[in-house]
Every structure is written in structure tokens, then in C-alpha cells.
Amino acid sequence: MEETSEEPPSSAILLDNCHFSQVVFTNVEKFYLPGADLTCCYTLTQNIVPHRKDWVGIFRVGWKTTREYYTFMWAPLPSDTPSDTSVQQQIQFRAYYLPKDDEYYQFCYIDQDGVVRGASVPFQFRAETEDDVLVVTTQGEVEEIDLQNKNLRKENEELKESCAGLKKQNMDLQEELNKMQELQNSLESLRSNTEKLELELNSLKNENKHLKELDDCREAELHKLKEQIQSVTSDKDHLEARLKSALDHMDQLQSQVLNYEKEVETLSLVGREKTEELESLKEKNLQLRLMGTQQVKPSLSTGQQNHDFMKELEEQKHLFQILQAKKNEADEENQVRPWHSSLNGIQDCSLSLVSSSIHPYTNTPLIVPARGPSPQPGCLQARTNDHASIRKCPMRDEVFPEDVKTPEAHVQSHLLHCPLCSETFEKANKQVFDDHLFCHSLE
């Protein structure tokens with residue numbers, strides 16, 4: 001029921017300690033009309049010093065402390081007057097804040113310390129009845145009362161309108177309060193979301209820091225990989241250059257191999273032809289030997305035949321020497337001796353043919369082993385020269401040592417064999433052999 005939101009100063013001081021004579025209330029009626037404004041008049045004596053926190057309250061009779069007020073109004077400060085004189089003051093209470101029952105009330109003046117400085121006689125809020133007082137009125141007073149009633153009705157309507165406006169304003173305020181409450185809830189929710197977002201932000205910052213560290217590590221690894229790639233690229237270029245050189249060399253070797261194969265085919269053809277000629281000569285020699293055994297007497301014709309045979313034998317020896325020279329050239333070019341056995345067979349056959357010819361003095365065939373010593377000095381010298389040329393190493397251009405029993409094994413000691421194919425290389429050309437193996441690794 002207060003007229004302001006600020007609570008007045010009060011205390012629990014007992015009535016025995018109060019000074020009721022320092023403020024005197026005047027013109028206090030016994031009855032005040034309900035629903036009408038009330039004017040309270042009082043006098044401040046020289047025993048009290050007014051303060052801006054002093055107030056005048058309406059208390060129900062029987063109150064014990066100043067906290068039991070029904071409504072109050074702040075006491076106005078008096079104008080500048082001497083402190084040794086009394087001051088008349090008045091306060092108007094609005095009807096809206098006054099009590100609505102018919103209990104007894106009284107005015108009390110309370111200072112800033114909550115101490116009562118003055119109190120009025122009791123009064124009630126109700127209309128006077130004829131039993132209470134005999135009212136003698138004139139026509140003028142009636143008209144004045146009617147005018148007051150009219151004014152009171154008008155003021156009552158205004159108060160009703162004001163009350164409706166206040167109710168509407170109260171509803172609006174309540175709606176605004178609800179909105180404010182919703183906004184407060186939204187604000188709390190936003191704060192909660194903000195805290196969650198801050199936690200997520202901190203987590204993202206930590207994760208970002210970790211990712212940056214990983215990025216730095218990966219950049220270092222990438223730098224190392226780039227260096228390795230550059231090194232591998234350099235090695236690749238070097239290997240490509242070596243591969244190209246090896247392929248070129250291989251093309252050259254293939255070309256040489258083709259040429260060697262052609263030459264080998266040619267030599268094989270020649271060897272077959274010479275073998276056929278030797279077979280033919282063996283048959284002729286056999287026929288001549290048979291004819292020599294059938295002949296009974298030596299004659300000039302037999303000497304002539306021997307002469308012819310010796311001439312033919314010399315031609316065969318010359319042909320053998322030519323074949324031996326070609327064989328040596330083929331061995332030097334191919335680095336192998338594929339035709340050694342064939343030529344040894346040709347040599348053995350030729351020596352057998354020479355040894356088995358008819359002796360010019362005895363007119364009888366002389367059969368000598370293929371590799372045995374010849375009884376004739378000329379034939380022995382020829383065989384010695386041919387035998388020395390056969391024991392000569394085609395790889396180093398030197399005669400085989402005496403302890404070498406198989407010349408093929410000695411020749412193989414100068415060669416390198418590819419474990420993946422049947423090609424052979426000289427040990428002096430080891431780089432060519434290594435390039436050849438590298439070409440196999442690239443396949």
C-alpha cells in the first residue's frame with residue numbers, strides 16, 4: 001500500500017522510548033470518507049530537526065513497531081525558517097492507498113532513525129451517520145455538497161479510467177516482463193551455447209595446433225622426399241644414359257654377332273665342302289692302295305703315279321694350311337674355338353692320308369698313326385709346324401703351356417659366361433659383360 005517503491009526507515013523501538021510531543025497533528029477528523037483523498041496537517045516544534053528521510057505513516061491502532069504501517073508519505077522539508085519557531089506542514093494521501101475498512105487508524109511522524117516523534121488521535125474511514133452527529137445544513141451547503149459529490153464522482157470516473165489504464169499498463173508490463181524473462185532465458189541459453197562454443201573453439205585451436213605440427217613434420221618429410229626424388233631422378237638419368245649406351249653397344253654386338261653368324265655359316269659350309277673333299281680323297285686313296293697291291297711290277301707308270309700322288313698330297317697340305325689360317329682368324333674374331341674339333345679331325349685325316357701314301361722306294365703303302373712321328377724329315381717338319389700352330393692360344397696369341405692337356409679349358413679360362421643366356425665375353429672386357437647383365441635386369 002505504499003506510494004513509493006523505497007521502504008521508509010523503521011525500527012523495533014518500544015513506545016516508551018518515543019517522543020510523541022515533538023510533532024503535533026492538527027485538524028484531525030473523527031471520520032474520513034472512503035474513496036476520497038485525505039489531507040494530514042501537523043506542526044513541527046522547535047524540539048525536532050527535520051530530515052529528508054522523515055516520513056508520515058498511517059498505522060492501525062494497537063501497532064507495536066514502526067514497521068507495521070499501512071501506508072506512508074515522505075515528509076516535505078520546511079522552507080528556510082528559524083529553528084526556534086514552530087512550522088505548519090501538511091501532506092495529502094491519495095484515496096487509492098488509504099484503508100478500506102472501518103478500523104481505527106492514526107497518523108505518526110517517524111524520523112530518519114525510525115523513531116516516532118508524534119502521533120494523532122484515532123480516526124475511522126467511513127461516512128458519518130445521524131446517530132453519530134446531528135448535521136444542520138442550509139441550502140448553500142447542500143449545493144456545495146452536491147458540487148463536491150459531482151466532483152467526487154468525476155474524480156472517481158477519472159480514477160476508474162486511471163485504474164483501467166494502470167491495469168492495461170500492468171498487463172503490458174507483465175507481457176514485457178514475460179518477454180524479458182524469455183529474453184533472460186534466451187540469454188542464459190546463449191551463454192551456455194557460448195561456453196560450449198568456447199570449449200569447442202579451444203578444442204579446435206588445440207587440434208589446429210596439432211595439425212600445424214603435423215603439417216610441419218610432413219613438410220619436412222616432403223622436403224626429404226623431394227631430395228630423394230631428385231637423387232632418384234639423377235640416378236635414373238644416369239642409368240638411362242648407361243642403358244642407352246648399353247643398348248647402343250648391344251646393337252653393335254648384335255650386329256657383330258650377325259656378322260659372326262654369317263661368317264660361321266660360311267666357314268661351316270666351307271668345312272663341309274672340305275670334309276666332302278677329304279672323304280673323296282680317302283676313297284681315292286683307298287682305291288689307289290687297292291690298285292697298288294694288285295700291281296706286280298714296278299714301272300715308270302707307277303713312279304709317275306707316285307709323283308702325281310705326292311703332288312696331290314702337297315696340294316692337300318697347302319689347302320689344309322689355308323683352312324688352318326681361316327680357322328685362326330675365326331677364333332680371334334668370335335673369341336671361341338667352335339671349329340677346333342672339326343679342324344683337328346681334318347688335320348688328323350690329312351696326316352693319315354700323308355702317312356698312308358705309297359713309299360717311293362718300296363712301292364708299298366706305309367701306314368703311320370695320325371699323330372705319330374713321320375719317317376720322312378720333310379713331313380716331320382711340316383707336322384711340327386702345323387702342331388705348333390694348333391697349340392697356339394687364340395685369346396692371348398701365345399703357345400699353350402706344356403702342362404695344358406685340353407686347350408679348350410685353357411681358352412674357357414679367358415672367357416666370362418652369362419648365367420642367363422649362352423653368350424660369352426672376354427675377361428679383359430668386363431665392363432661389356434656388366435652392361436650385358438644390367439640389360440637382363442631391365443627386362
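All values derive from a computational prediction rather than experimental measurement.

S.K.: Tell me about the overall build of the protein, and please be specific about residues and values.
M.R.: When its secondary structure is counted, the protein shows six helices and 13 strands. Within the protein, the proportion of its 443 residues that are buried is 27%. For the protein, the exposed area adds up to about 30,700 Å²; of that, 54% sits on carbon and sulfur atoms.

S.K.: Talk me through the sheet that holds strand β3 (residues 38–44); I want residue IDs and the actual numbers.
M.R.: If you trace the three strands from one edge of the open sheet to the other, you get β1-β3-β6, paired in antiparallel fashion. The open sheet has two free edges, formed respectively by β1 (23–26) and β6 (87–93), since each of these has just one partner strand. Pairs of neighbouring strands in the sheet enclose a mean axial angle of 30°, with direction left out of account.

S.K.: Kindly report on the confidence of the model for the protein, identifying the contributing residues and their values.
M.R.: Considering every residue of the protein, the mean pLDDT works out to 78; 73% of them sit at 70 or more. In the model, residues 296–300 has pLDDT below 50 throughout and makes two contacts with residues more than four positions away in sequence or in other chains. Residue range residues 336–343 is modelled with pLDDT below 50. Its contacts to residues more than four positions away, or to other chains, number 23 contacts.

S.K.: Which residues make up the pairing of β6, and what values go with them?
M.R.: A one-sided burial pattern is seen for β6, the buried positions being Val 87, Gln 89, Ile 91 and Phe 93 and the unburied ones Gln 88, Gln 90 and Gln 92. Summarising the sheet, β3 and β6 pair through seven bridges and their orientation is antiparallel. Pairing of Cys 40 across the sheet is with Ile 91, part of β6.

S.K.: If you had to explain the pairing of β3 to someone new, which residues and values would you point to?
M.R.: Taken across its seven residues, β3 has six buried, putting it largely inside the fold. Across four bridges, β1 lies against β3 in antiparallel orientation. Among the inter-strand pairings, Thr 26 is bridged to a residue of β3, identified as Cys 41.

S.K.: Lay out the environment of His 440 in plain terms, naming residues and giving numbers.
M.R.: For His 440, the location among the structural elements is in helix α6 (residues 430–442). Considered as a pair, His 440 and Cys 418 are 22 residues apart in the sequence and their alpha carbons are 9.9 Å apart. Those residues in contact with His 440, other than ones at most four positions away along the chain, are Cys 418, Leu 420 and Cys 421. Only 3.1 Å separates the side chain of His 440 from the side chain of His 436, close enough to count as a polar contact.

S.K.: So what's going on with the packing of aromatic side chains? Residues and values would help.
M.R.: Within this structure, the stated rule accounts for 18 aromatic pairs. Considering the side-chain rings of Phe 25 and Tyr 42, the 5.9 Å spacing of their centres and the 55° angle between planes classify their relative orientation as tilted. Highlighted residues: Phe 25 in strand β1 and Tyr 42 in strand β3, separated in sequence by 17 residues. A relative accessible area of 10% places Phe 25 in the buried class. Taken together, the aromatic side chains of Phe 25, Tyr 32, Tyr 42, Tyr 70, Phe 93, Tyr 105, Phe 107, Tyr 109, Phe 123 and Phe 125 make up a single cluster linked through ring pairs. Over the ring of Phe 438 we find Arg 242, and its NZ or CZ is 5.8 Å from the ring centre.

S.K.: Please provide a residue-by-residue account of a negative patch on the surface, values included.
M.R.: Taken together, the side chains of Glu 213, Asp 215, Asp 216 and Glu 219 make up a negatively charged region of the molecular surface. Here Asp 215 shows up in helix α1 (residues 139–294).

S.K.: Break down a nonpolar patch on the surface for me, with residues and values.
M.R.: Side chains of Leu 177, Met 180 and Leu 183 sit close together on the surface and give an oily, nonpolar patch of about 320 Å² of accessible area. Its place among the elements puts Met 180 in helix α1. For Met 180, a relative accessible area of 52% puts it in the exposed group.

S.K.: Explain the nonpolar core to me, using residue names and the numbers behind them.
M.R.: Grouped together as the largest cluster of nonpolar side chains are 21 residues, with contacts concentrated most on Leu 38, Tyr 42, Val 56, Phe 93, Phe 107 and Tyr 109. Broken down by secondary-structure element, the contributors of at least two residues to this core are β1, β3, β4 (55–60), β6, β7 (104–110) and β9 (123–125). Per-element accounting of this core gives the leading share, four residues, to β3.

S.K.: Break down unusual backbone geometry for me, with residues and values.
M.R.: With glycine set apart, most residues show a phi of negative sign, and most peptide bonds adopt trans. One non-glycine residue, Asn 27, lies in the positive phi region at around 55°. Within the fold, Asn 27 resides in the loop between β1 and β2 (31–32). You can call Asn 27 exposed: its relative accessible area is 63%.

S.K.: Account for the pattern of salt bridges, naming residues and giving values.
M.R.: As enumerated under the stated definition, the model contains eight salt bridges in all. Asp 111 serves as the salt-bridge partner of Arg 117, at 2.8 Å between the closest nitrogen and oxygen. A residue is classified by how much of its surface remains accessible, and Asp 111, at 7% relative accessible area, is buried. Across the salt bridge formed by Glu 188 and Arg 191, the nearest N and O atoms sit 3.4 Å from each other. Taken as a pair, Glu 188 and Arg 191 lie in helix α1 at a separation of three residues, close to a single helical turn. What makes Glu 188 partly exposed here is its relative accessible area of 39%.

Criteria and cut-off values
- Residues numbered from 1 in each chain as written.
- Predicted model: local features only at pLDDT ≥ 70, side-chain atom pairs only at ≥ 80, totals over all residues.
- Heavy atoms only, no water.
- Helix = DSSP H or I, 4+ residues; strand = E, 2+ residues; numbered from the N terminus.
- Buried < 20%, exposed > 50% of the residue type's maximum accessible area, 1.4 Å probe, protein only.
- Areas by Shrake-Rupley, 256 points an atom, 1.4 Å probe, with all protein chains shown as cover.
- Pairing = 2+ DSSP bridges.
- Axes fitted to C-alpha atoms, helices over the stretch in contact; angles between N-to-C directions.
- pLDDT = per-residue confidence, 0-100.
- Contact = heavy atoms within 4.5 Å.
- Polar contact = N/O pair within 3.5 Å; in protein donor to acceptor, adjacent residues only side chain to side chain.
- Phe/Tyr/Trp six-rings, centres within 6.5 Å; stacked < 30°, edge-to-face > 60°.
- Lys NZ or Arg CZ within 6 Å of the ring centre and 35° of its normal.
- Patch = residues over 30% accessible without salt bridge, like charges linked within 9 Å, V, L, I, M, F, W, Y side chains within 5 Å.
- Salt bridge = Lys/Arg side-chain N within 4 Å of Asp/Glu carboxyl O.
- Lys, Arg positive; Asp, Glu negative; His and termini not counted.
- Charge placed at Lys NZ, Arg CZ, Asp CG, Glu CD.
- Core = buried A, V, L, I, M, F, W, Y, C linked by side-chain atoms within 4.5 Å.

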